[in-house]
Amino acid sequence: MDIQDGYYDGQILSAEIIRSRFAKDESDNRLEVELTCGVFDQNHQPINGERAIVYLELSSEFPKYGDTTKPFWQQTLEHLNELGMQGEDLTTLGEQLKNKPCRLNYRSKDKNGCALKNPGWYLTRARERIAIKGADANAMLRQMMCGDVPTSTPTQSTSTNPFN
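Calculation criteria
- Residues numbered from 1 in each chain as written.
- Predicted model: local features only at pLDDT ≥ 70, side-chain atom pairs only at ≥ 80, totals over all residues.
- Heavy atoms only, no water.
- Helix = DSSP H or I, 4+ residues; strand = E, 2+ residues; numbered from the N terminus.
- Expected span 1.5 Å × (residues − 1).
- Buried < 20%, exposed > 50% of the residue type's maximum accessible area, 1.4 Å probe, protein only.
- Contact = heavy atoms within 4.5 Å.
- Phe/Tyr/Trp six-rings, centres within 6.5 Å; stacked < 30°, edge-to-face > 60°.
- Lys NZ or Arg CZ within 6 Å of the ring centre and 35° of its normal.

Colleague: What am I meant to see in helix H1 (residues 72-83) here?
Modeller: Since there are 3.6 residues in each turn of an α-helix, residues three or four apart along the chain are aligned in direction. Over its 12 residues, H1 runs 16 Å from end to end, which matches the ideal 16 Å to within 8%, given 1.5 Å per residue. Turning to H1, its buried residues are Gln-75, Thr-76, Leu-77, His-79, Leu-80 and Leu-83. Contact partners of the buried residues in H1: strand E1 (6-19), strand E2 (31-40), strand E3 (46-58), helix H2 (93-97), strand E4 (101-109) and strand E5 (115-123). Gly-84 occupies a position one or two residues after H1 and carries a positive phi of about 130°.

If you want it as structure tokens, here you go:
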């Protein structure tokens, strides 16, 4: 399958801590979290053979773009907690994140439409865009206007790994 630029649902298959690929020498203690993820198509079917490998930096440096107020280690821990990691203990990271859902972005072009030198996968916090049918939107609006609270809330199931 030819992967198109855009957002995809994924599932974390493994998580490892590695020495930063950009570490200058042994005294450089920068790390990265390497996540290997399975990728789903628009029908939420696994894309056979497609694996997204994404990296999150753990260092005391501050990014030059995005949120420049927090060091990489803090941003990465926050992101890992959003994915399902409990606390800050990295020794059980792989077990904690295995089979957790994630959102991925594939990019082969920059924002100006120019081809990237290294196209690839990125972990994103962007949520899936879900269109609501008009009748359902009307019912939801009536519920809001009446001050009703929904009787049930959607739950996230813990499904098996379709990528095995």
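Colleague: I tried to follow the packing of aromatic side chains on my own but got confused; where do I start?
Modeller: Aromatic rings considered in pairs are described by the distance between their centres and by the relative angle of their planes. This model, assessed by the stated rule, comprises 2 aromatic pairs. Between Tyr-8 and Trp-121 the ring centres are 5.2 Å apart and the planes differ by 75°, which places this aromatic pair in the edge-to-face class. Taken as a pair, Tyr-8 in strand E1 and Trp-121 in strand E5 lie far apart in primary sequence, 113 residues in all. Taking the relative accessible area as the measure of exposure, Trp-121 reaches 11% and is therefore buried. These aromatic residues form a ring-pair network of at least three members: Tyr-8, Tyr-106 and Trp-121. Arg-21 extends its terminal NZ or CZ atom over the ring of Tyr-55, reaching a point 3.6 Å from the ring centre.

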